[in-house]
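Structural description and commentary
Below, each chain spelled out in residue letters.
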Protein chains: 2
Amino acid sequence: MNIVLLSGGSGKRLWPLSNDIRSRQFIKIFKTGDGEYESMVQRVYRQIRSADPDARVTIATSRAQVSTIHGQIGEDVGICVEPCRKDTFPAMALAAAYLHEAAGISEEETVVFCPVDPYVEKEYFELFAEMDKLAAKEDAGLVLMGIAPSYPSEKYGYILPADREKMTRGVAFWEKPDVETAKDLIGRGALWNGGVFAFQLKYMLKKAHELLDFEDYEDLYGKYETLQAISFDRAVAEKEENIQIVRFDGPWKDLGTWNTLTEAMEENSVGDATLNPACENVHVVNELDVPVLCMGLKNVVVSASPEGILVSDKEQSSYIKPYVDQMDQRIMFAEKSWGSFRVLDVEDESMTIKVTLNPGCSMNYHSHERRDEVWTVISGEGRTIVDGMEQPVQAGDVVTMQAGCRHTIIADTELKVMEVQLGKEISVHDKRKYELEN
Amino acid sequence: MNIVLLSGGSGKRLWPLSNDIRSRQFIKIFKTGDGEYESMVQRVYRQIRSADPDARVTIATSRAQVSTIHGQIGEDVGICVEPCRKDTFPAMALAAAYLHEAAGISEEETVVFCPVDPYVEKEYFELFAEMDKLAAKEDAGLVLMGIAPSYPSEKYGYILPADREKMTRGVAFWEKPDVETAKDLIGRGALWNGGVFAFQLKYMLKKAHELLDFEDYEDLYGKYETLQAISFDRAVAEKEENIQIVRFDGPWKDLGTWNTLTEAMEENSVGDATLNPACENVHVVNELDVPVLCMGLKNVVVSASPEGILVSDKEQSSYIKPYVDQMDQRIMFAEKSWGSFRVLDVEDESMTIKVTLNPGCSMNYHSHERRDEVWTVISGEGRTIVDGMEQPVQAGDVVTMQAGCRHTIIADTELKVMEVQLGKEISVHDKRKYELEN
């Protein structure tokens, strides 16, 4: 089975845990059986692998997330990079072209598209096989998962099935109705459209060519920024006559806001946190090294990360986005495929960053035009290459690099380094990459 | 006039802004006319100076606070160091011996003792002159400020005056009565005992020698740790027959808890904080470089510092102490006379600290037995002395120091340094100080 996970969203609704690099799907917040924590992406990927060990999984995402994805679920996953954020229709069109041309998947094969962040049990993913089977039939058209609604939400799309059978035809769509309409729809048996679609690859390629003017994958990639942002629901599903619905009756949660996310937390806190007995319905996610103490709070979520601190009434937390939009969006922490970094200190003409490299990993070989750098190795062993010259390093070693000098560091064990950047114009854009000569 | 300010308290009730070094009286939280913030100590010292520019002020405090006090109010203040924390009677006895023997104040002179942290207006300090005048009379005994109570508090001591005159005799004491008794006392005209006492120095010295077995200041200092912790109220005031009360009717606040402290804040936030319009009676004190966002909270105080994060219902905040007692008490931030430091990162075998030196200031000349250190200067200009060798340093310079090597850094301008400490046993106690040879 081919599965494409759509990993989108800037994740501002879950500030301060998410930022432009680290969206909500990468937050390690879900406790696993062995007491570790996993992220939404890790959870979903694990569930998919468990439902179908042979599934061929591709993740459609932005470049900024690629490194984090590999860091969290390894290299054994296809990645279709979106040059910029559009809505689901362009993303699915690009992914379809990628699967066909870059990954060599035949037009006749079926694909299941799915959001990367539903909070569900394994049964949800087991349903993919049934959707896939339906989609494989000749003239199958579009197969869609219909989710039994748990309340008359105004946030979701609804689809009305022809009857209450597990597999049936879809007859009409509603996009985000008001509560009264939603109640009425639910009374008539309507289901939520949770954004899970199955079809033959040629179905999606045909729709893409009908609606978008492009030659092939490369051409589509090149003009991606010019495409109209439109959802697959609006561009395709709502107009499709040949829709089959597979009904899902299990629990389903969209964890897009703190309010819903905390409902999925098994414990009241992740990280160093103390809640006094007077607290009621309080959740804390603390990614900092210092303790959080909560006293006498009710229905509150507290989240602390290197990006900032949120303290919000749970219901109010869904109105967070405009406040986060106004904030300075400097990225203070990121997980990468090679490790992670955290900004510890920012001054006018310096920045201090803690860099952790995973064993066997290294930075790009690079230089900066307008800043000097000093590395102090605080733990581990590795090698630096500075202007072509390789040297072993270990805890306590110091390497100074003038602006213009090419440098990298290679971790033999896990390696932690304090990097002090010095200059009047420190910017993430001041970076030139080079191939390492041998 | 001689004034002794008693600067005590570990300040745990105002965690995370206060710690063993930085008690609540040093938190810069009060907005001054020129838009800057001042601490309790700075505010009180300014008010005393304004009420009596010629007052001779001595602060009785622990060694850990000396450097902070000089940093906040300058060098023009006497300091009587307490070897450890006892209650007010030993502290006042030691201060009296210090004033007489070390500062050369005659036994016949009067002294006003006052806590360092009342939140009051200038009138309070102007009353000191009247107390002082009363205390100067022959056979004056003990003069005490009686504060008109604003509610039947269970937290304070009460004193019953003979009548309702502004100056009168005191006839009886009650220590922390229950609410009903407090109501009754207030009905009978009782006043709060705010801990402001005036007397001739010989009065205090006599009481000290009666109750404590010591020869002189040096002897008392030497056996200070063995003394019983007892308040001046209990040891002396409650037993004194010859008490005169000077009545204070102005506003008086004891800012010992977050609840009362936030009442004294002019604005809802200090530091980088956003409160959405749904917040009611919310106060934020944020000492971190990252934003705090509060949404839909009611009657809540939020405080974030390098030590941790408190989010508390205001009333609940008065029960904070046992929770803070349980926490790891590593000091993450401190203001000193020479500048400040902040712990940025702690690993098993390293610690990274940002050190800021004020212009003209320097560290002690010192060495560590069990750690190496690396300094990276991030801004400013100065000089390092390493094993006797002086070198100029500026932003970008790196100095490495092996364990055992003697070192200091001298700031010519404000100087900021990243210090990476490396070793298996990093401890604040691993420090040997030396005289600088010239």
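Parameters and conventions
- Residues numbered from 1 in each chain as written.
- Chains lettered and ligands numbered in written order.
- Predicted model: local features only at pLDDT ≥ 70, side-chain atom pairs only at ≥ 80, totals over all residues.
- Heavy atoms only, no water.
- Helix = DSSP H or I, 4+ residues; strand = E, 2+ residues; numbered from the N terminus.
- Rg over C-alpha atoms; globule rule 2.2 N^0.38 Å.
- Buried < 20%, exposed > 50% of the residue type's maximum accessible area, 1.4 Å probe, protein only.
- Contact = heavy atoms within 4.5 Å.
- Areas by Shrake-Rupley, 256 points an atom, 1.4 Å probe, with all protein chains shown as cover.
- Lys, Arg positive; Asp, Glu negative; His and termini not counted.
- Charge placed at Lys NZ, Arg CZ, Asp CG, Glu CD.
- Buried area = accessible area lost by both parts, 1.4 Å probe.
- Salt bridge = Lys/Arg side-chain N within 4 Å of Asp/Glu carboxyl O.
- Polar contact = N/O pair within 3.5 Å; in protein donor to acceptor, adjacent residues only side chain to side chain.
- Least-squares fit on C-alpha atoms with pLDDT ≥ 70 in both.
- Patch = residues over 30% accessible without salt bridge, like charges linked within 9 Å, V, L, I, M, F, W, Y side chains within 5 Å.
- Axes fitted to C-alpha atoms, helices over the stretch in contact; angles between N-to-C directions.
- Parallel < 35°, antiparallel > 145°, perpendicular 65-115°, else oblique.
- Left-handed = near helix turned anticlockwise from the far one by under 90°.
- Phe/Tyr/Trp six-rings, centres within 6.5 Å; stacked < 30°, edge-to-face > 60°.
- Pairing = 2+ DSSP bridges.
- Expected span 1.5 Å × (residues − 1).
- pLDDT = per-residue confidence, 0-100.

Along chain A, the regular secondary structure elements total ten helices and 30 strands. Its C-alpha atoms give chain A a radius of gyration of 24 Å, near enough to 22 Å, the size a compact globule of 438 residues would have. With the C-alpha coordinates of chain A rotated into their principal frame, the extents come out at 70 × 60 × 40 Å. Expressed as a percentage of its 438 residues, the buried residues of chain A come to 56%. Taking all contacts inside chain A whose residues are at least 6 apart in sequence as the whole, residues at least 24 apart take part in 65%. Of the roughly 18,800 Å² of accessible surface on chain A, a fraction of 44% belongs to carbon and sulfur atoms. Averaging the coordinates of the 47 positive side-chain charges in chain A and doing the same for the 73 negative ones gives two points 3 Å apart.

This next bit is on the interface of chain B and chain A. Taken residue by residue, the interface counts 50 residues in chain B and 50 residues in chain A. In total, about 3,900 Å² of surface goes out of reach between chain B and chain A, with carbon and sulfur atoms giving 69% of it. When the area that chain B buries against chain A is broken down by residue, the three leading residues are Leu 293, Met 295 and Ile 309 of chain B, summing to 18%. Summed over the shared surface of chain B and chain A, the number is six salt bridges. Among the salt bridges present, the one from Asp 345 of chain A reaches Lys 354 of chain B, with a minimum N-O distance of 2.8 Å. The interface formed by chain B and chain A contains 18 residue pairs in polar contact (both at pLDDT 80 or more).

On to the relation of the copies chain B and chain A. Between chain B and chain A, the superposition needs a rotation of 180° and an axial shift of 0.1 Å, giving an RMSD of 0.1 Å. Expressed as an axis order, the relation between the two copies is that of a two-fold axis. No C-alpha of chain B approaches the rotation axis more nearly than that of Leu 344 of chain B, which lies at 3.2 Å. By residue overlap, the copies meet face to face through one surface: 100% of the interface positions of chain B are interface positions in chain A.

Residue and element names in this part refer to chain A. A cluster of like positive charges, contributed by Arg 13, Lys 176, Arg 234 and Lys 239, occupies part of the molecular surface. Assignment of secondary structure puts Arg 13 in the loop between β1 (2-6) and β2 (30-31). A residue is classified by how much of its surface remains accessible, and Arg 13, at 37% relative accessible area, is partly exposed.

On to the packing of helix α3 (residues 88-102) of chain A against helix α6 (residues 201-211) of chain A, then. All names here are of chain A. It is at 9 Å that the axes of α3 and α6 come closest, and there the two elements cross at 125°. When the interaxial angle is binned, α3 and α6 end up oblique. The two elements α3 and α6 cross, and the hand of that crossing is left-handed. Mapping the contact onto sequence places Phe 89, Met 92, Ala 93, Ala 96, Ala 97, Leu 99 and His 100 in α3 and Leu 201, Met 204, Leu 205, Lys 207, Ala 208 and Leu 211 in α6.

Right, let's get into the packing of aromatic side chains. Aromatic ring pairs are defined here through the distance separating the ring centres and the angle between the ring planes. All names here are of chain B. Counted under the stated rule, the structure contains 32 aromatic pairs over all chains. Between Tyr 124 and Phe 128, the ring centres sit 5.7 Å apart and the planes meet at 55°, which makes this aromatic pair tilted. Of this pair, Tyr 124 and Phe 128 both sit in helix α4 (residues 122-136), four residues apart, which is roughly one turn of the helix. Each member of the pair, Tyr 124 together with Phe 128, is buried. A centroid spacing of 5.7 Å and a plane angle of 55° characterise the contact between Trp 192 and Trp 252, whose relative ring orientation is tilted.

It is possible for side chains of opposite charge to pair when their charged atoms get near one another. Under the counting rule described, the total for this entry stands at 54 salt bridges over all chains. In this structure, Lys 354 of chain B and Glu 347 of chain A form a salt bridge, with 2.4 Å as the shortest nitrogen-oxygen distance. Linking Lys 354 of chain B in strand β22 (residues 350-357) with Glu 347 of chain A in strand β21 (residues 339-347), this pair reaches from one chain into another. Note on Glu 347 of chain A: relative accessible area 21%, which makes it partly exposed. Among the ionic pairs, Glu 373 of chain B bridges to Arg 371 of chain B, the shortest N-O distance being 2.8 Å. A single burial state applies to Glu 373 of chain B and to Arg 371 of chain B, both of which are buried. In the salt-bridge network here, residues are joined through shared partners; they are Asp 345 and Glu 347 of chain A together with Lys 354 and Lys 416 of chain B.

This part is about the pairing of strand β24 (residues 372-379) of chain B. All names here are of chain B. Here β24 lies mainly inside the structure; six of its eight residues are buried. Relative to strand β29 (residues 415-422), β24 runs antiparallel, the two being bridged by seven bridges. Its bridge partner being in β29, Ser 379 is matched across the sheet by Lys 416. For β24 and strand β27 (residues 398-401), the ladder comprises four bridges, and the chain directions are antiparallel. When the bridges of β27 are listed, Glu 373 appears paired with Met 401.

Spanning twelve residues, helix α1 (residues 40-51) of chain A covers 16 Å between terminal C-alpha atoms, matching the ideal 16 Å at 1.5 Å per step. Regarding α1 of chain A, the residues found buried are Met 40, Val 41, Gln 42, Arg 43, Val 44, Tyr 45, Gln 47 and Ile 48 of chain A.

Below, the discussion takes up the pairing of strand β25 (residues 381-386) of chain B. Residues and elements named next belong to chain B. Both β25 and strand β26 (residues 389-394) contribute to a ladder of six bridges, which runs antiparallel. Within the sheet, the bridge partner assigned to Gly 382 lies in β26 and is Val 393. Two successive antiparallel strands, β25 and β26, enclose a turn made up of two residues, where Asp 387 displays a positive phi of approximately 50°. Examined bridge by bridge, β25 and strand β28 (residues 407-411) share five bridges and lie antiparallel to one another. Within β28, the residue paired with Gly 382 across the bridge is Ala 411.

Next up on the list: unusual backbone geometry. Of note, the bond from Trp 15 of chain A into Pro 16 of chain A is cis; its omega dihedral lies within 30 degrees of zero at 5°. Locating Pro 16 of chain A in the fold gives a position in the loop between β1 and β2. A positive phi is found at Asp 387 of chain A, a non-glycine position, where the angle reads about 50°. Relative to the elements of secondary structure, Asp 387 of chain A occurs in the loop between β25 (381-386) and β26 (389-394). Of note in the backbone geometry, Asn 281 of chain B takes a positive phi value of approximately 55° without being a glycine. Considering the arrangement of structural elements, one finds Asn 281 of chain B in strand β16 (residues 280-286).

Quick look at the side chain of Ser 367 of chain A now. Residues and elements named next belong to chain A. Its place among the elements puts Ser 367 in strand β23 (residues 365-367). Within the structure, Ser 367 has its side chain in polar contact with the side chain of Tyr 434 (distance 2.7 Å). In this structure, Ser 367 is in contact with Gly 404, Cys 405, Arg 406, His 407, Asp 430, Lys 431, Arg 432 and Tyr 434, ignoring residues within four places of it in sequence.

The predicted coordinates of low-pLDDT regions are not to be read in fine detail. Across chain A, the average pLDDT comes to 92, with 98% of residues at 70 or higher. In the predicted assembly, ipTM is 0.79 and pTM is 0.79.

For Pro 322 of chain B, the position within the fold is in helix α10 (residues 321-325). Along the sequence, Pro 322 of chain B and Leu 5 of chain B sit 317 residues apart, while their C-alpha atoms lie 27 Å from each other.

Let's shift gears to the environment of Lys 86 of chain A. Residue and element names in this part refer to chain A. Residue position: Lys 86 is located in the loop between β5 (78-82) and α3. In this structure Lys 86 comes out as partly exposed when scored by relative accessible area, which is 22%. Sequence spacing of Lys 86 and Phe 173 is 87 residues, and the spatial spacing of their C-alpha atoms is 22 Å. Contacts of Lys 86, omitting those with residues within four sequence positions, involve Tyr 224, Glu 225, Leu 227 and Ala 229.

Neighbouring strands of a sheet are bound in pairs by backbone hydrogen bonds; such pairs are parallel or else antiparallel. Residues and elements named next belong to chain B. Spatial ordering of the open sheet is given by β20-β21-β22-β29-β24-β27, a layout of six strands whose pairing is antiparallel. Where the open sheet ends on each side, the last strands, each with one partner, are β20 (333-336) and β27. Across the sheet, the mean angle from the axis of one strand to that of its neighbour is 20°, orientation sign disregarded.

Looking now at the environment of Gly 256 of chain B. Within the secondary structure, Gly 256 of chain B is located in the loop between β13 (252-254) and α9 (258-263). It is 6.7 Å that separates the C-alpha atoms of Gly 256 of chain B and Arg 13 of chain B, two residues lying 243 residues apart in sequence.

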